[in-house]
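Listed here are the chains, written in short residue letters.
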Amino acid sequence: LWVHAPLAPTEEFFELVETCAHGPESIAHVVVPTYALEHKVFAKDALRRWPNARLWTAPGQFSFPVRSVPDEYVWGRSVSGVLRDSDEAMSTSQIPWIDQIEYETLTAGTFSLGLSPVTFYETAFYHKASRSLIVTDALAQVQLETPELNDPAKLLLISKRSTADELPEDTASARQIGWEKTALLVSYFFPEHEELDPDRAGVVTWTEGWHDNFKALAGRLIVPPVVRTLIYAQNPARVRDWVDRVSARWDFEQIVPAHFQAPIQASPREFSRAFAFLDDDS
């Protein structure tokens, strides 16, 4: 089994993964596709659970606040390989899964962390047998309807018009409002129409217009706004090169991202269309 970006090490997660294999001993590979914290922080727990798994990472991995920490401390074992550039451009004789799963690594913008800039990388994979493109943060499709596994208590808390209001009654409508606001918060961090009340310190109120913004955001294949603005806008030409390589090389039928809805039925043409903003200076 080849495991992409392990989730939190709960018993439920391990049981789900291991039912796809023949127990912990038969899981052969763990892949860390980016250095984004939520996608790499649980790899050490996964590798502790799966003693025979080898580790493969995207470039640019680092620890913080001390940068140069041995792999054995960060991951619990050494790294078997760093997935630089593309399997077409690298020597892949040491990657045992490359005949089944190919990769293209995006090198995007930089941002400051401490005293030196950090370059963002994300490795995308193509699983030949299922014709699936596997990405992490590059693409997403926000569900229009409330996903079943959301915590109702949290949805109701966010569904309130103002943080000073009482909790609403637990209804399907209230949960849907909570879901729509949650999607906006996750996608933008500080979305339009979520405003501080000028008359009440610490009180946040949602003003009219947020539902229209959700309808514009959800139900279609998009580059997440935070990724688009903070990362991709720094070097659109380099991102465009990666998009063109992926869409020209692989004839995928579905995309499996790490967030929101998955899998998404989509072709290379639809994948490329989601990045049309790269060619639009406005």
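Details of the structure are given in the entry above.
What counts, and where the lines are drawn
- Residues numbered from 1 in each chain as written.
- Predicted model: local features only at pLDDT ≥ 70, side-chain atom pairs only at ≥ 80, totals over all residues.
- Heavy atoms only, no water.
- Helix = DSSP H or I, 4+ residues; strand = E, 2+ residues; numbered from the N terminus.
- Rg over C-alpha atoms; globule rule 2.2 N^0.38 Å.
- Contact = heavy atoms within 4.5 Å.
- 1 Å grid on protein atoms, 1.4 Å probe; cavity = no way out; pocket = protein on both sides within 12 Å on 5 of 7 lines; lining within 4 Å.
- Points joined across faces, edges and corners; volume = space filled by probe spheres on them.
- Nonpolar A, V, L, I, M, F, W, Y, C, P; charged D, E, K, R; others polar.
- Buried < 20%, exposed > 50% of the residue type's maximum accessible area, 1.4 Å probe, protein only.
- Phe/Tyr/Trp six-rings, centres within 6.5 Å; stacked < 30°, edge-to-face > 60°.
- Lys NZ or Arg CZ within 6 Å of the ring centre and 35° of its normal.
- Salt bridge = Lys/Arg side-chain N within 4 Å of Asp/Glu carboxyl O.
- Axes fitted to C-alpha atoms, helices over the stretch in contact; angles between N-to-C directions.
- Parallel < 35°, antiparallel > 145°, perpendicular 65-115°, else oblique.
- Polar contact = N/O pair within 3.5 Å; in protein donor to acceptor, adjacent residues only side chain to side chain.

1. As for the overall build of the chain
Helix and strand content of the chain: 10 helices and 11 strands. Against the compact-globule benchmark of 19 Å for 282 residues, the chain has a radius of gyration of 21 Å, which places it among compact chains. In terms of principal-axis extent, the alpha carbons of the chain reach across some 65 × 45 × 45 Å. The long-range fraction of contacts in the chain, counting pairs at least 24 apart against all pairs at least 6 apart in sequence, stands at 66%.

2. Some remarks on the layout of surface pockets
By volume, the largest pocket amounts to about 1300 Å³. Taken together, 36 residues form the lining of the largest pocket, with Ala5, Leu7, Pro257, Ala258 and His259 sitting closest to its centre. For the lining of the largest pocket, the secondary structure elements donating two or more residues are β1 (2-4), α1 (11-18), α2 (37-40), β7 (132-134), α6 (172-188) and β10 (254-256). Residue composition of the lining of the largest pocket, grouped by class: 24 nonpolar, 10 polar and 2 charged. In this model, the second largest pocket occupies a volume close to 840 Å³. In terms of lining residues, the second largest pocket is bounded by 33 residues, among which Tyr35, Ala36, Leu37, Glu38 and Asp137 are the most central. Elements supplying a minimum of two residues to the lining of the second largest pocket: α2, α4 (71-74), β5 (101-113), α6 and α8 (225-230). A total of 4 residues in the lining of the second largest pocket trace back to one element, the largest contributor, which is α8.

3. Some details on the environment of Pro168
Along the chain, the position of Pro168 falls in the loop between α5 (152-159) and α6. Looking at Pro168, the relative accessible area reads 30%, which means it is partly exposed.

4. Some words on the packing of aromatic side chains
Two descriptors summarise a pair of aromatic rings, namely the distance from one centre to the other and the angle between the planes of the rings. Summed over the entire model, instances satisfying the criterion amount to 18 aromatic pairs. With 5.7 Å between their ring centres and 70 degrees between their planes, Trp2 and Trp97 make a pair best called edge-to-face. Residue Trp2 is located in strand β1, and its partner Trp97 is located in the loop between β4 (81-82) and β5; the two are separated by 95 residues in the primary sequence. One exposure class covers both Trp2 and Trp97, and it is buried. Positioned over the ring face of Phe62 is Lys40, at 4.8 Å from the centre of the ring.

5. What to know about the pattern of salt bridges
Considering all chains together, one arrives at 17 salt bridges under this definition. Across the pair Arg48 and Asp45 runs a salt bridge, and its minimum N-O distance is 3.4 Å. Of this pair, Arg48 and Asp45 both sit in helix α3 (residues 43-49), 3 residues apart, which is roughly one turn of that helix. You can call Arg48 exposed: its relative accessible area is 58%. Between Arg175 and Asp170 there is a salt bridge, with the nearest N and O atoms lying 2.8 Å from each other.

6. Points about the packing of α5 against α6
Axis separation between α5 and α6 bottoms out at 7 Å; the angle between their running directions is 80 degrees. Between α5 and α6, the angle is such that the two are roughly perpendicular. Mapping the contact onto sequence places Pro152, Leu155, Leu156, Ile158 and Ser159 in α5 and Ala174, Arg175, Ile177, Gly178, Trp179, Lys181, Thr182 and Leu185 in α6. Across the contact of α5 with α6, the residue classes break down as 8 nonpolar, 3 polar and 2 charged.

7. A word on the side chain of Glu102
Structurally, the position occupied by Glu102 is in strand β5. Look at Glu102 and you get buried, because its relative accessible area is 15%. Within the structure, Glu102 has its side chain in polar contact with the side chain of Lys128 (distance 3.2 Å). Other than its neighbours up to four places away in sequence, Glu102 contacts Asp87, Ala124, Phe125, Tyr126, Lys128, Arg249 and Trp250.

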